[in-house]
Amino acid sequence: MHDVETAQDLPEEGPAPELPAEQPTVRLEEHLVHAVSVLVRHERDAMAVEAEFSLRRCEALRMSGEIHAAKGDLLRAVQDWLEELDLSPLEQRDDVRERIQSLVNEKMDKKVLLRVRDLYPARYPGDIALIRLIELHAARGDEHLTERSIQLFLNRFPEHEYVQTASELLRSLRAKLKSSQYLLAAVVPLSGRLGQFGT
């Protein structure tokens, strides 16, 4: 946080100096210096109040997100923490991102992940929701949905650090699908009236 000079560091606010008739130019300069110092003090006080308000709002948003997460309202928790992320100083943003990442990876099911993906289509946390969907589809062996999610991710986030991993996964899926593309299956009767043709 920036060091803010307190009101004690500046000249005291009081009535403006009187302007005698004998030295109007010198007195006018003194009057202007006094007015500027009063304005600077008020501006610094306003900045200090604004910084304090921002810190308190961040704390309130953090606690509100925690309450929503505990109640199971995960989307509202993400919204609160994204507001906190926008207001937080740079050194505190990693903590907020970790909370959102943890929520996405540990508590969100497919339905909520799809909502996050759709609410934040080309920005954070839509990227981590899509990555989690790719992981879930791949773990279930659903190649079609995995491929579709990867293509969506690559279109929405072409500069993301996960692009290389997603591209490699997409290539391996396509190779796997291509190798099994020409597989033929036949049902052969082994018993019954047509059983003699199946052996």
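Before reading further, recall that the structure is shown in the block above.
Let us look at the structure shown here. As the structure is a computational prediction, the values presented were derived from the model and not from experiment.

Nonpolar side chains tend to gather and get buried jointly when the protein is soluble and globular. Ranked by size, the top nonpolar core spans 22 residues in total, and within it Leu82, Ile100, Leu103, Met108, Leu113 and Val116 carry the most contacts. Mapped by element, the contributors of at least two residues to this core are helix H2 (74-87), helix H3 (93-106), helix H4 (110-119) and helix H5 (126-140). No other element matches H2, which puts seven residues into this core. Discounting residues that sit within four places of it in the chain, Val116 has contacts with Leu75, Met108, Pro125, Gly126 and Ala129. Judged by nonpolar contacts, the second largest core, of eleven residues, contains Leu130, Ile150, Ala166 and Leu173.

Between the first and last C-alpha of H3 there are 20 Å, a value that for 14 residues agrees with the 20 Å anticipated at 1.5 Å per step. Of all the positions in H3, only Val96, Arg99, Ile100, Leu103 and Val104 are classed as buried. Taken end-on, H3 shows its buried residues confined to a sector of 130°, consistent with a single buried face. Those residues of H3 that are exposed and angled more than 90 degrees off the buried face are Asp94, Glu98 and Glu106.

Another point: the packing of H5 against helix H6 (residues 143-156). Helix-helix packing is characterised by the crossing angle of the two axes and by the distance between the axes. Remark: H5 packs on H6, axes separated minimally by 8 Å, with the N-to-C direction vectors making an angle of 160°. By the angle class used here, H5 and H6 are roughly antiparallel. The handedness of the crossing between H5 and H6 comes out as left-handed. Along the contact surface, H5 presents Asp127, Leu130, Ile131, Leu133, Ile134, His137 and Ala138, while H6 presents Leu145, Thr146, Ser149, Ile150, Leu152, Phe153 and Arg156. A per-class count over the contact of H5 with H6 returns nine nonpolar, three polar and two charged.

We now examine the side chain of Glu147. Within the element layout of this structure, Glu147 appears in helix H6. Reaching out from Glu147, the side chain makes a polar contact with the side chain of Arg174 at a distance of 3.3 Å. Contact partners of Glu147, with chain neighbours within four places excluded, come to Leu170, Leu173, Arg174 and Leu177.

What follows is about H2. In a regular helix each residue adds 1.5 Å, so 14 residues correspond to 20 Å; H2 covers 20 Å between its end C-alpha atoms and thus fits that length. All of the buried residues along H2 are Leu74, Leu75, Ala77, Val78, Asp80, Trp81, Leu82, Glu84 and Leu85.

Looking now at the pattern of salt bridges. Applying the stated criterion across every chain, the model contains nine salt bridges. Here Glu59 makes a salt bridge to Arg62, at a shortest N to O gap of 2.3 Å. In this pair, Glu59 and Arg62 both sit in helix H1 (residues 24-71), three residues apart, roughly one turn of the helix. Classification of Glu59 by relative accessible area gives partly exposed; the value is 36%. Residue Arg76 is joined to Asp80 by a salt bridge in which the shortest nitrogen-to-oxygen separation is 3.4 Å. Note that Arg76 and Asp80 are positioned in helix H2 at a spacing of four residues, about one turn of the helix. Within this structure, Glu59, Arg62 and Glu66 form a network of salt bridges that share partners.

Tallying each qualifying case throughout the model produces two aromatic pairs. Relative to Phe157, the ring of Phe153 lies with its centre 5.4 Å away and its plane at 35°, an arrangement referred to as tilted. With a centroid separation of 5.4 Å and an interplanar angle of 90°, the aromatic rings of Phe153 and Tyr162 are classed as edge-to-face. A relative accessible area of 0% means that Phe153 is categorised as buried. Taken together through their ring pairs, the aromatic side chains of Phe153, Phe157 and Tyr162 make up a single cluster. When the ring centre of Tyr124 is taken as reference, the NZ or CZ atom of Arg97 above it lies at 4.4 Å. The lysine or arginine in question, Arg99, covers the ring of Trp81, its NZ or CZ lying 5.3 Å from the ring centre.

About the cut-offs
Residues numbered from 1 in each chain as written. Predicted model: local features only at pLDDT ≥ 70, side-chain atom pairs only at ≥ 80, totals over all residues. Heavy atoms only, no water. Core = buried A, V, L, I, M, F, W, Y, C linked by side-chain atoms within 4.5 Å. Buried < 20%, exposed > 50% of the residue type's maximum accessible area, 1.4 Å probe, protein only. Helix = DSSP H or I, 4+ residues; strand = E, 2+ residues; numbered from the N terminus. Contact = heavy atoms within 4.5 Å. Expected span 1.5 Å × (residues − 1). Arc of directions from axis to C-beta. Axes fitted to C-alpha atoms, helices over the stretch in contact; angles between N-to-C directions. Parallel < 35°, antiparallel > 145°, perpendicular 65-115°, else oblique. Left-handed = near helix turned anticlockwise from the far one by under 90°. Nonpolar A, V, L, I, M, F, W, Y, C, P; charged D, E, K, R; others polar. Polar contact = N/O pair within 3.5 Å; in protein donor to acceptor, adjacent residues only side chain to side chain. Salt bridge = Lys/Arg side-chain N within 4 Å of Asp/Glu carboxyl O. Phe/Tyr/Trp six-rings, centres within 6.5 Å; stacked < 30°, edge-to-face > 60°. Lys NZ or Arg CZ within 6 Å of the ring centre and 35° of its normal.

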